[in-house]
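Each chain is listed here by its residues.
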Amino acid sequence: MSKIYEETKFLMKKYGITANKKLGQNFLIDDNVIEKIVDTSNITNEDLIIEIGPGLGTLTKELLEKAGKVICIELDNRMITILKDRFFMYKNFEIINEDVLKVDLNRIIKENKVSGQIKNVKIVANLPYYITTPIIMKLLEERLDIESITVMIQKEVADRLTEIPGGKNGGAITYTVYYYAEAKELLTVPNNSFIPEPEVESEVIRLELRKKPVIEVTDEVKFFTLIKASFMQRRKTLLNAISNSTLNISKEKIEQILKDLNIDTKVRGETLTIEQFAEIAKKI
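Residues numbered from 1 in each chain as written. Predicted model: local features only at pLDDT ≥ 70, side-chain atom pairs only at ≥ 80, totals over all residues. Heavy atoms only, no water.

**Quick look at the environment of Asn 169**
- If you trace the backbone, Asn 169 turns up in the loop between helix H7 (155-161) and helix H8 (172-180).
- Considering only alpha carbons, one finds Asn 169 and Glu 62, 107 residues apart in sequence, at a separation of 33 Å.
- In contact with Asn 169, not counting residues within four places along its chain, are Asp 159, Arg 160, Glu 163 and Thr 174. (Helix = DSSP H or I, 4+ residues; strand = E, 2+ residues; numbered from the N terminus. Contact = heavy atoms within 4.5 Å.)

In structure tokens:
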């Protein structure tokens, strides 16, 4: 048995903990996965690491040894007690008992960078699977001053996030991620790397934030509304999907735009490149 497995079982017994399914809790017990997450995050003592959903603190322990500071954001009060007990000796440890979707991350990052000791900010986490997408969207859309996001998520979602726009695994979020970051899959994690075992495989991915978006867009709201509309009704052609959307454009006008851009009027949105979506949005 691995060292982390024994440690996890000990903590669960000591504190009378069982995984909370509503919070998507599965405790990681694979030493190799922890090592890979930490190594690929390229952590230095000038980094602030924000860890979302630390749980029992398995990953936290390794992060504290390498980072300048680690801020854990944890919703489950039971975990707060354990984390405080485990890491009270660490001067570079801070904990926020809150839903990450309600936390003002921009303010936290600014306050921690003021001292000058923190040069870079990175997100490292084993994310709760039930709210993976809202968390990723928050981290990207709020344009936080962060360098990278290294997270473990459900493999099916990872395939969408790391796909190239127009690829077979693509979804609306594929275009959003590609717009803001360069994504790659790092490691597939089998079910038996957790207690309790989830029903799905997991994947560690890394998002390197771009200095500026991959393309210039005149109206971001319209651009992303267009993409979302195209994927809301995937079986429909792009022409029908847009004409039934909140963009309020006639079918005839859309048809003309597509013809002007040499795009087949029978095409489906999922096959378009991000550049083609930008061109359509600009014409609209």
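**With respect to the pattern of salt bridges**
- As enumerated under the stated definition, the model contains 17 salt bridges in all.
- Two residues, Arg 107 and Glu 111, come together in a salt bridge whose shortest N-O distance is 3.0 Å. Placement of both Arg 107 and Glu 111 in helix H5 (residues 105-113) is noted, with a separation of 4 residues, approximately one turn of the helix.
- Across the salt bridge formed by Glu 142 and Lys 138, the nearest N and O atoms sit 3.1 Å from each other.
- Its relative accessible area of 32% is what places Glu 142 among the partly exposed residues.
- Here Lys 138 falls in the buried class, since its relative accessible area comes to 10%.
- Linked through salt bridges whose partners overlap, the residues forming this network are Lys 155, Asp 159, Glu 185 and Glu 203. (Salt bridge = Lys/Arg side-chain N within 4 Å of Asp/Glu carboxyl O. Buried < 20%, exposed > 50% of the residue type's maximum accessible area, 1.4 Å probe, protein only.)

**Quick look at the sheet that holds strand E2 (residues 47-52)**
- An order of E4-E3-E2-E5-E6-E9-E7 is seen for the 7 strands of this open sheet, with the pairing classed as mixed. Strands at the two margins of the open sheet, each flanked by one partner only, are strand E4 (93-96) and strand E7 (181-189). Sheet twist, expressed as the average angle between the axes of neighbouring strands with direction ignored, equals 20°.
- Sheet analysis places E2 next to strand E3 (residues 69-73), joined by 5 bridges and oriented parallel. Residue pairing across strands places Leu 48 opposite Lys 69, the latter belonging to E3.
- Running at roughly 160° to E7, helix H2 (residues 31-40) makes contact with strand E5 (120-126), strand E6 (148-154), E7 and strand E9 (202-209) of the sheet. (Pairing = 2+ DSSP bridges. Axes fitted to C-alpha atoms, helices over the stretch in contact; angles between N-to-C directions.)

**Looking at the side chain of Thr 60**
- Inspection of the secondary structure puts Thr 60 in helix H3 (residues 58-66).
- A distance of 2.6 Å separates polar atoms of two side chains, one belonging to Thr 60 and the other to Glu 51.
- The contacts of Thr 60, once residues within four sequence positions are left out, are Glu 51, Pro 54, Val 70, Cys 72, Leu 83, Phe 87 and Phe 93. (Polar contact = N/O pair within 3.5 Å; in protein donor to acceptor, adjacent residues only side chain to side chain.)

**What about the nonpolar core?**
- Among the nonpolar cores identified, the biggest contains 62 residues, and Phe 223, Phe 277 and Ile 280 are the most heavily contacted of them.
- Not counting chain neighbours up to four residues away, the residues in contact with Phe 277 comprise Tyr 175, Phe 223, Leu 226, Ile 227, Ser 230, Phe 231, Leu 238, Gly 269 and Leu 272.
- Leu 28, Ile 34, Ile 82 and Val 204 belong to the second largest nonpolar core, which has 32 residues in total. (Core = buried A, V, L, I, M, F, W, Y, C linked by side-chain atoms within 4.5 Å.)

**Let's talk about the side chain of Thr 40**
- Positionally, Thr 40 belongs in helix H2.
- Reaching out from Thr 40, the side chain makes a polar contact with the backbone oxygen of Lys 36 at a distance of 2.7 Å.
- Those residues in contact with Thr 40, other than ones at most four positions away along the chain, are Thr 150, Leu 186 and Arg 206.

**Side note on the packing of H2 against H3**
- Closest axis-to-axis distance for the H2/H3 pair is 10 Å, and the angle between their directions is 35°. Where H2 crosses over H3, the handedness of that crossing is right-handed. Every residue of H3 that contacts H2 at Ile 34, Ile 37, Val 38 and Asp 39 is listed here: Thr 58, Leu 59, Glu 62, Leu 63 and Lys 66.
- The residue inventory of the contact of H2 with H3, partitioned by class, reads 5 nonpolar, 1 polar and 3 charged. (Left-handed = near helix turned anticlockwise from the far one by under 90°. Nonpolar A, V, L, I, M, F, W, Y, C, P; charged D, E, K, R; others polar.)

By themselves, these are just geometric observations and shouldn't be taken as functional.
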